[in-house]
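# Notes for the structure review
What follows is the residue order along each chain.
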Amino acid sequence: MSDHAVLYQAAAHCLSYPDEEFRGLLPQLTAAAPQLESFLTHAAAADPSELAAHYVQVFDFKNRHSLYLSWWRDGDTRRRGMALVRFKEVYREHGMEFTGEELPDFLPAVLEFSAHAGPVLLEEHRPGLELLRLALTDFGTPYAPVLEAVCATLPGPSPKDRAEAQALARSGPPREDVGLEPFALIGEH
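Residues numbered from 1 in each chain as written. Predicted model: local features only at pLDDT ≥ 70, side-chain atom pairs only at ≥ 80, totals over all residues. Heavy atoms only, no water.

### Some words on helix 2 (residues 20–32)
End to end, helix 2 covers 19 Å across 13 residues, agreeing with the expected 18 Å (1.5 Å per residue, within 8%). Leu26 marks where helix 2 bends most, by close to 50 degrees; the proline Pro27 follows one to four residues later. Among the residues of helix 2, those classed as buried are Phe22, Arg23, Leu25, Leu26 and Leu29. Lining the buried residues of helix 2 we find helix 1 (3–14), helix 3 (37–45) and helix 4 (48–60). (Helix = DSSP H or I, 4+ residues; strand = E, 2+ residues; numbered from the N terminus. Expected span 1.5 Å × (residues − 1). Bend = angle between axes of the 7 residues up to and from the residue. Buried < 20%, exposed > 50% of the residue type's maximum accessible area, 1.4 Å probe, protein only. Contact = heavy atoms within 4.5 Å.)

Right, here's the structure in full:
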């Protein structure tokens, strides 16, 4: 397994909900992925319930910290459905079938896939990864170095990715208003 593959597999564990299985893997993850040392040291020292509460605070209540890669490009629009189909198609093209409980664009699942098939989906969604990295850094969470390590394995950063990431950061993901005409927004009269 290449160094990048080991990092992707370790990062997948780090970005999943920190349950007992994750805690049991901490020594192996620390030995295998020194690029994740700052996060893994934090995770090992943290009270398990506090780490779990922090994970929920960071990833479950803020779309700006979304672990769903298609959200960064398509938001909550109809286009996102086609993007999810694309993820499944890429998995199949590499001889894998997505069977997870999460959506196929869930970053830990994409990282596991990338550990076996290479970073094709990570490269395709680089702007979203960069936006997530910047958002986690701004939020000041120990999860930010995990995204920094993953992004550091990808080609670039090219100006196109940075410009695309910054434009998306300024405007936010797309919203779909089609079909909502009969509904007024609260506060509109």
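### Topic: the confidence of the model for the chain
Here the chain averages 85 in pLDDT, and 81% of its residues register 70 or above. When pLDDT is averaged over each helix and strand of the chain, the minimum, 56, is found for helix 11 (residues 159–171) and the maximum, 97, for helix 3. (pLDDT = per-residue confidence, 0-100.)

### What about the side chain of Thr153?
Mapped onto the secondary structure, Thr153 falls in the loop between helix 10 (144–152) and helix 11. A polar contact of 2.7 Å, which involves the side chain of Thr153, links it to the side chain of Tyr8. There is a polar contact of 2.6 Å between the side chain of Thr153 and the backbone oxygen of Val150. Non-local contacts of Thr153, meaning those with residues more than four positions away in its chain, are made with His4, Leu7 and Tyr8. (Polar contact = N/O pair within 3.5 Å; in protein donor to acceptor, adjacent residues only side chain to side chain.)

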